[in-house]
Structures are given as C-alpha cells and as structure tokens.
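Below, each chain spelled out in residue letters.
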Amino acid sequence: MTVPTGRRERKKAATRQKIADAALRLFLERGYDAVGIRDVAAEADVAVTTLFSHFASKEALVFEQDADFEQRLTRAVTDRAPHEPLVPALRREIQALVRHCTADSAAPVWRMIDASPALRKYEESMRLRHAESLATAIAADAGPSRTTTACRAIARFAIDAYSLAREAADPKAAVDEVFRMIEAAWEATACAAHPAGSPGRRG
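Everything in this summary refers to the structure shown in the same document. If you're wondering where the values come from, they're calculated on a predicted model, not measured in any experiment. (Residues numbered from 1 in each chain as written. Predicted model: local features only at pLDDT ≥ 70, side-chain atom pairs only at ≥ 80, totals over all residues. Heavy atoms only, no water.)

Quick look at the packing of aromatic side chains
Next, step 1: If you walk through the whole model with that rule in mind, you get two aromatic pairs.
Next, step 2: Look at Phe-63 and Tyr-122: their rings are 5.3 Å apart centre to centre, the planes differ by 20°, and that puts the pair in the stacked class. Of this pair, Phe-63 sits in the loop between α4 (58-62) and α5 (66-78) while Tyr-122 is found in helix α8 (residues 117-142), placing the two residues 59 residues apart along the sequence. Taken individually, Phe-63 and Tyr-122 each receive the classification buried, so the pair is uniform in this respect.
Next, step 3: Over the aromatic face of Trp-186 sits the side chain of Arg-146, whose NZ or CZ is 3.8 Å from the ring centroid.
Next, step 4: It is Arg-166 that lies over the ring of Trp-110; its NZ or CZ is 3.5 Å from the centre. (Phe/Tyr/Trp six-rings, centres within 6.5 Å; stacked < 30°, edge-to-face > 60°. Helix = DSSP H or I, 4+ residues; strand = E, 2+ residues; numbered from the N terminus. Buried < 20%, exposed > 50% of the residue type's maximum accessible area, 1.4 Å probe, protein only. Lys NZ or Arg CZ within 6 Å of the ring centre and 35° of its normal.)

Listed below in structure tokens is the structure:
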C-alpha cells in the first residue's frame, strides 16, 4: 500500500533532518574538528549506524542538501517549458541557489566550510559531481547539436557561476555577468556544430 510507504519515507526524512540539524548545531557551537560522529549521534538521539545510513561521511552532514541541489540543477534542464532556452533556465536556478546560500543565516556555515580543508575538499568534489550530472542532462537535451565537451564545459561554467557569485559583493550581478559569457559560449558551440546553419534542438 502507498500510505505506509509514504509514512515510512516521511519518517526517514524527519530522522535525516534531525541528524543534520544536530550536527550543524554542534559544529557551529564547538567547531567542526572538535565534534565527532558519536557526538552527533548522541545529540540526535540515534545510533551511529542510523547516522551512517543517512550520511556517508562527517563532511556530508554539513552538505545535507547536496542531493536536492543536484536534482534542482538537472531539473532546470529537463523540466523547463518546451520552448524555453537552456541558458535562461539555468541562470534562474543558479540565482535561486545563490540566494539560498548567501542568506544571512548561511554565513556562519560558509565561514566554517572556508576554515576547514576537509570541508573545502568535499565541497569541491561535490561541485564537480554536480557539474557532471548537469552536463549529462544538457547533453541529453541538446542531442547531436552540441559535443560532449561543449556540454561539460557549459555545465562547469554554470557551477562556477554559483561559486563566484557566492563570494561576490553583489551575487545577483555576478551571476548575470557570468551567464552573459555562458550565453555567448553556448551560442558559439551551436555555430561550431552547425556551421551551415542547420537547425539544432531547442537549447
């Protein structure tokens, strides 16, 4: 039956959120390096095995919205309106993610991340993974009208726009500036793939 399944999934999501909230609270109070996995499990009132069933590593506790962000990026490509161009759809989603991550409440978390080599390394690997997922979505959407290299490059540029904007004095302006370059690059890849002006897909 679907009702028990829904209830089970809601319970799992609630447990996951409880663990993430406990971890972040301890990390910000004591410092990331001073808190261990057992400390987090005790604070969340769960077993260590339960914690690891939701989070693969200590670093993953800090980036608990990792999978959600990755899905949002790919859905910006796959779920956009039939005739909406690719780059504006991506820009809109990146702007939304930047707004989320530059809110005042996020500042202490990013200071913690910036101060930790382990978290910086994890965040870099996460960005690369997001870029690869986004590139796959772009390539599937564009079909033969763009090369694999072009799709991967545009995906990397989009993810870098997010990182650059997060550090900029005016995040929105930074996203717009980078996406003007992305738009030009995307159009150039179409010209390279179809020098005679043959039509590509909607992107």
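As for the environment of Met-126
Next, step 1: Following the sequence through the fold, Met-126 ends up in helix α8.
Next, step 2: Exposure remark for Met-126: the relative accessible area of 8% places this residue in the buried category.
Next, step 3: As a C-alpha pair, Met-126 and Glu-70 span 56 residues in sequence and 9.2 Å in three-dimensional space.
Next, step 4: Sequence-distant contacts of Met-126, defined by excluding residues within four places in its chain, comprise Phe-63 and Asp-66. (Contact = heavy atoms within 4.5 Å.)

Notes on the side chain of Asp-66
Next, step 1: Here Asp-66 lies in helix α5.
Next, step 2: A residue is classified by how much of its surface remains accessible, and Asp-66, at 11% relative accessible area, is buried.
Next, step 3: A polar atom in the side chain of Asp-66 sits 2.7 Å from the side chain of Arg-129.
Next, step 4: What Asp-66 contacts, discounting residues up to four positions off in sequence, is Tyr-122, Met-126, Arg-129 and His-130. (Polar contact = N/O pair within 3.5 Å; in protein donor to acceptor, adjacent residues only side chain to side chain.)

Brief notes about unusual backbone geometry
Phi is mostly negative for residues that are not glycine, and the peptide bonds are mostly trans.
Next, step 1: Despite not being glycine, Asp-45 shows a phi value in the positive range, around 60°.
Next, step 2: Inspection of the secondary structure assignment puts Asp-45 in the loop between α2 (37-44) and α3 (48-54).
Next, step 3: Residue class for Asp-45 comes out exposed when judged on its relative accessible area of 67%.

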